[in-house]
Amino acid sequence: MHIGADQNIFWNMFNDLRNSHGSKQGTYGFKCASFCGKSATCEASSEETLDYCNMDPIMHPTGWEEANPAEFVTYHANYVANEMKIKKLEKMQLWGIWDANTGKCTP
């Protein structure tokens, strides 16, 4: 079980996968990782290789206070915990926009 901030947990586990260089077969469902089409961290089939790329930071901001809702596609209320995440989402006009009846967000 991992306890703590979600970003730290993710990157610790992800770096464990990358640094295993295939020595921990089946680590987190993958054997190797490849950054945006570059060489993989080990030799494995494409099914066993996690291929990942950076997301555009303007389109997908992670907790920025000055993010512009008119410019982003996703927003991760990061760098805060619990009720403070709600405050960030409210500031970005994203809290309370989910309509359970339609199953969609309402602007």
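Above this text is the structure in question.
Residues numbered from 1 in each chain as written. Predicted model: local features only at pLDDT ≥ 70, side-chain atom pairs only at ≥ 80, totals over all residues. Heavy atoms only, no water.

A. Focus on the pattern of salt bridges. One pass over the full model with this rule turns up 3 salt bridges. With a shortest N-O distance of 3.2 Å, E65 and K91 are connected by a salt bridge. Within this pair, whereas E65 is found in the loop between β2 (49-52) and α2 (83-91), its partner K91 is found in helix α2, the two being separated by 26 residues in sequence. Of the residues examined, E65 reaches a relative accessible area of 41% and is grouped as partly exposed. Through salt bridges that share partners, E65, K88 and K91 make up one connected network. (Salt bridge = Lys/Arg side-chain N within 4 Å of Asp/Glu carboxyl O. Helix = DSSP H or I, 4+ residues; strand = E, 2+ residues; numbered from the N terminus. Buried < 20%, exposed > 50% of the residue type's maximum accessible area, 1.4 Å probe, protein only.)

B. Structural context of the layout of surface pockets. Put simply, the largest pocket is a space of about 500 Å³. By residue number, the principal contributor to the lining of the largest pocket is helix α1 (residues 6-20), which donates 6 residues. Looking at the lining of the largest pocket residue by residue, the classes come out as 12 nonpolar, 8 polar and 1 charged. (1 Å grid on protein atoms, 1.4 Å probe; cavity = no way out; pocket = protein on both sides within 12 Å on 5 of 7 lines; lining within 4 Å. Points joined across faces, edges and corners; volume = space filled by probe spheres on them. Nonpolar A, V, L, I, M, F, W, Y, C, P; charged D, E, K, R; others polar.)

C. Fine view of a nonpolar patch on the surface. On the surface, I58, M59, W64 and V73 cluster together to form a nonpolar patch covering roughly 350 Å² of accessible area. The topology assignment puts I58 in the loop between β2 and α2. We classify I58 as partly exposed; its relative accessible area is 44%. (Patch = residues over 30% accessible without salt bridge, like charges linked within 9 Å, V, L, I, M, F, W, Y side chains within 5 Å. Areas by Shrake-Rupley, 256 points an atom, 1.4 Å probe, with all protein chains shown as cover.)

D. Just the state of the cysteines, in detail. All told, the structure shown has 2 disulfides when counted by the stated rule. Note on cysteine connectivity: C32 is disulfide-linked to C42, with sulfurs 1.5 Å apart. As the torsion about the S-S bond is roughly -80°, the C32-C42 disulfide counts as left-handed. Of this pair, C32 sits in strand β1 (residues 32-35) while C42 sits in the loop between β1 and β2, and the two are 10 residues apart along the sequence. Across this residue pair, the class does not change: C32 and C42 are buried. Here C36 is linked by a disulfide to C53, with a sulfur-sulfur distance of 2.1 Å. Linking C36 and C53, the disulfide has an S-S dihedral of approximately 110° and is accordingly described as right-handed. Of this pair, C36 sits in the loop between β1 and β2 while C53 sits in the loop between β2 and α2, and the two are 17 residues apart along the sequence. Indicated for the protein is the disulfide connectivity 1-3, 2-4, based on numbering the bonded cysteines in sequence order. (Disulfide = S-S within 2.5 Å.)

E. Up close: the nonpolar core. If you look at the biggest cluster of nonpolar residues, it comprises 6 residues: A67, F72, Y75, A77, L89 and M92. Leaving out residues up to four positions away in the same chain, F72 has contacts with I58, M59, P61, A67, M92 and L94. (Core = buried A, V, L, I, M, F, W, Y, C linked by side-chain atoms within 4.5 Å. Contact = heavy atoms within 4.5 Å.)

That's the geometry; what it means functionally is another story.
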